[in-house]
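Residue-level listing of the chains:
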Amino acid sequence: MIGFKYTGGIISEEEYQKKIDIARTFVARAEQDAFGGWVNLPINYDKTEFERIKKAAKKINDDSDCLVCIGIGGSYLGHRAVIETLGGERGRTKILYAGNSLSAREMRRVIDRLGDADFSVNVISKSGTTTEPAVAFRVFKQMLIDKYGAEEAAKRIYATTDAAKGALHDEAAAKGYESFVVPDNIGGRYSVLTAVGLLAIATAGIDIDALMDGAAEERTSLISDGGFAAEYAAMRNLLFEKDYNIEILANFEPQFMYFNEWWKQLFGESEGKDQTGIYPASVIDSTDLHSMGQYIQQGRRNLFETFVEVAADYNGITVPKMDENLDGLKYLEGKELDYINKTANAATREAHTSGGVPVLEVTMPKIDERSLGALIYFFEMSCALSGFTLGVNPFDQPGVEAYKTRMFELLGKPGYEK
């Protein structure tokens, strides 16, 4: 559910209802868009491929201590967000990440973490020619060949790529890599619930059936008129019109760090174009209250916050009782740490509101596969409706190519001579 009680009367009921009505009209447009395949994905995904993903994950668990996932942007942020939000890997196989930068130091760190462990590779790229993952794939492919030989190496490479064309598709077909499909009608930042994300998630021991069920349930609640997603899209657009042009996603659970990163790509890449859009930022509180809290409380009044709340309690850790009170915590003795954390959360929302920061609230029942699948779908629908309401195409990203063109010129790539 979503709440707006901390928006401080900035938005009138009349303008809010008007904007919701506008946002609701875009549900059908999102569904019909050439890149709107994610809208109905939770109910019409490829069941055969889904079972192959689970089978491949089991094989990886049986023969590999590590799975190196090679991808950048939407090809890695989504599944990393799911795995880390749900507490990390649950079995033998650890998930490592490569190809999301060009840093030699980071590449060395991943190689050193592998050591002598048995490993497999999941390379995720629609074209196979994106520079960062392509470079990393060369490195780890050679490591596999050196360790196992070419024939066995091919059995440890899983390619998630275009169904019919592209460099990676052609290599996978020629070398016999097991392949999964990057759908043509789903953009990278909306692709976490496709094979792009699901192989790594399943390998981590996470129940992908429950993840999809949660997304399907959320789709049912949103598909007719946008539901809470239309309300959220309307509110953030109204705040933007009133010069609140920075949104901070905030929560009080550190395991949401990569969920925040996925959310920032989703909204930043979808809305940041045509010289407009809300700038997406994030904090993990209470940690960041000791760094960013001062600015949020008393800095420029051009930002608003969206808090992701977890309704369920997480009990079991209490503040111990002690004879002395040197740290001044006598008043907290016997209290659950989760209760203290939730109290800090509530106090932060009230303090920031009193400081002139509008606060929106998104509540998930608990941190599990079903709830996270629903949250992912909620934000995907919210982003699409918000982008259309803003007047931009939430499914393209033309500006991403600018740095690539200049980089290719400087590196001397054929066809990009100055």
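Residues numbered from 1 in each chain as written. Predicted model: local features only at pLDDT ≥ 70, side-chain atom pairs only at ≥ 80, totals over all residues. Heavy atoms only, no water.

Novice: Quick question: what am I supposed to make of empty space enclosed by the protein here?
Specialist: It is a probe the size of a water molecule, rolled over the atoms, that shows where empty space is left. Applying the stated criterion across every chain, the model contains one cavity of 30 Å³ or more. Volume-wise, the largest cavity comes out at about 70 Å³. Lining the largest cavity are Tyr97, Ala98, Gly99, Asn100, Ser101, Ser103, Glu106, Met107 and Val110. When contributions to the lining of the largest cavity are tallied by element, the ones reaching two or more residues are strand S3 (94-98) and helix H6 (104-114). Per-element tally for the lining of the largest cavity: the top contributor is H6, with three residues. For the lining of the largest cavity, the residue count by class is four nonpolar, four polar and one charged. (1 Å grid on protein atoms, 1.4 Å probe; cavity = no way out; pocket = protein on both sides within 12 Å on 5 of 7 lines; lining within 4 Å. Points joined across faces, edges and corners; volume = space filled by probe spheres on them. Helix = DSSP H or I, 4+ residues; strand = E, 2+ residues; numbered from the N terminus. Nonpolar A, V, L, I, M, F, W, Y, C, P; charged D, E, K, R; others polar.)

Novice: Explanation requested: helix H10 (residues 195-203) in the structure shown.
Specialist: Because an α-helix completes one turn every 3.6 residues, residues spaced three or four positions apart along the sequence face the same direction. Most of H10 sits out of view: nine of its nine residues are buried. Among the residues trailing H10, Gly205 stands out with phi positive, at a value near 90 degrees. (Buried < 20%, exposed > 50% of the residue type's maximum accessible area, 1.4 Å probe, protein only.)

Novice: Would you explain the sheet that holds S3 in this entry?
Specialist: Whether parallel or antiparallel, the strands of a sheet pair through hydrogen bonds between backbone atoms. What the five strands build is an open sheet, ordered S3-S2-S4-S5-S6; its pairing is parallel. The outermost strands of the open sheet, each flanked by one partner alone, are S3 and strand S6 (178-181). The mean angle between the axes of side-by-side strands here comes to 20 degrees, regardless of whether they run parallel or antiparallel. The sheet contact formed by strand S5 (residues 157-161) and S6 spans four bridges and is parallel. Bridged to Tyr158 within S6 is Glu178. (Pairing = 2+ DSSP bridges. Axes fitted to C-alpha atoms, helices over the stretch in contact; angles between N-to-C directions.)

Novice: I would appreciate a short explanation of the environment of Gln297 in the present structure.
Specialist: Along the polypeptide, Gln297 turns up in helix H14 (residues 293-298). The class of Gln297 is partly exposed, set by a relative accessible area of 23%. Separated by 54 residues in sequence, Gln297 and Ala351 place their C-alpha atoms 7.4 Å apart. Residues contacting Gln297, with those up to four places away along its chain left out, are Ala351, His352, Ser354 and Gly355. (Contact = heavy atoms within 4.5 Å.)

Novice: What exactly am I supposed to notice about the side chain of Glu49 here?
Specialist: Within the secondary structure, Glu49 is located in helix H4 (residues 47-63). Buried within the structure, Glu49 lacks any salt-bridge partner; its nearest side chain of opposite charge belongs to Arg52, at an N-O separation of 4.1 Å. (Lys, Arg positive; Asp, Glu negative; His and termini not counted. Salt bridge = Lys/Arg side-chain N within 4 Å of Asp/Glu carboxyl O.)

Novice: So what exactly am I meant to see when it comes to the nonpolar core here?
Specialist: Nonpolar side chains in soluble globular proteins tend to end up buried together. Of all hydrophobic cores here, the largest spans 84 residues; its most connected members are Trp38, Phe259, Trp262 and Phe379. Here this core takes 11 residues from helix H16 (residues 369-390), the largest share from any one element. Every residue in contact with Trp262, bar those within four places of it in the chain, is listed here: Leu77, Gly78, Ala81, Arg189, Val192, Ile376, Phe379 and Glu380. Val68, Val110, Ile111 and Phe137 belong to the second-largest nonpolar core, a separate cluster that totals 24 residues. (Core = buried A, V, L, I, M, F, W, Y, C linked by side-chain atoms within 4.5 Å.)

Novice: I'm lost on the layout of surface pockets in this one. Help?
Specialist: Of the volumes computed, that of the largest pocket is approximately 1100 Å³. What lines the largest pocket is a set of 40 residues, and nearest its centre among them are Ile72, Thr130, Gln397, Val400 and Lys404. Among the elements of the structure, helix H7 (131-148), helix H13 (257-271) and helix H17 (401-411) are those that each provide at least two residues to the lining of the largest pocket. Taken together, the residues that form the lining of the largest pocket break down as 15 nonpolar, 16 polar and nine charged.

Novice: Sorry, what's going on with the pairing of strand S7 (residues 246-251) here?
Specialist: Taken across its six residues, S7 has five buried, putting it largely inside the fold. In terms of handedness, the path from S7 via H13 over to strand S8 (residues 279-284) forms a crossover that is right-handed. Bridging between S7 and strand S9 (residues 303-310) involves five bridges; their strand directions are parallel. Residue pairing across strands places Ile248 opposite Glu305, the latter belonging to S9. (Right-handed = clockwise from strand over helix to strand, strands pointing away.)

Novice: Mind showing me how you'd approach the environment of Asn237 here?
Specialist: Mapped onto the secondary structure, Asn237 falls in helix H12 (residues 227-241). With 221 residues separating them along the chain, Asn237 and Tyr16 place their C-alpha atoms 9.7 Å apart. Among all residues touching Asn237, those that are not within four sequence positions of it are Lys19, Ser386, Thr389 and Leu390. A polar contact is formed between the side chain of Asn237 and the side chain of Ser386, at a distance of 3.0 Å. (Polar contact = N/O pair within 3.5 Å; in protein donor to acceptor, adjacent residues only side chain to side chain.)

Novice: Even after reading the chapter, I still don't get the packing of aromatic side chains, so can you show me in this structure?
Specialist: How two aromatic rings sit relative to each other is given by the distance of their centres and the angle of their planes. Evaluated as defined, the whole model comprises 21 aromatic pairs. Their ring planes at 20 degrees and their centres at 5.1 Å tell us that Trp38 and Tyr190 sit as a pair that is stacked. Taken together, the positions of Trp38 in the loop between helix H2 (27-32) and helix H3 (41-44) and Tyr190 in the loop between S6 and H10 put the pair 152 residues apart, joining distant regions of the chain. Between Phe256 and Phe259, the aromatic rings sit 5.8 Å apart at their centres with planes inclined by 75 degrees, giving edge-to-face as the arrangement. The same class applies to Phe256 and to Phe259, which are both buried. Its end group placed over the ring of Tyr258, Arg80 keeps NZ or CZ at 4.0 Å from the ring centre. In this structure, Arg156 packs its charged tip against the face of Tyr148, placed 4.1 Å from the ring centre. (Phe/Tyr/Trp six-rings, centres within 6.5 Å; stacked < 30°, edge-to-face > 60°. Lys NZ or Arg CZ within 6 Å of the ring centre and 35° of its normal.)

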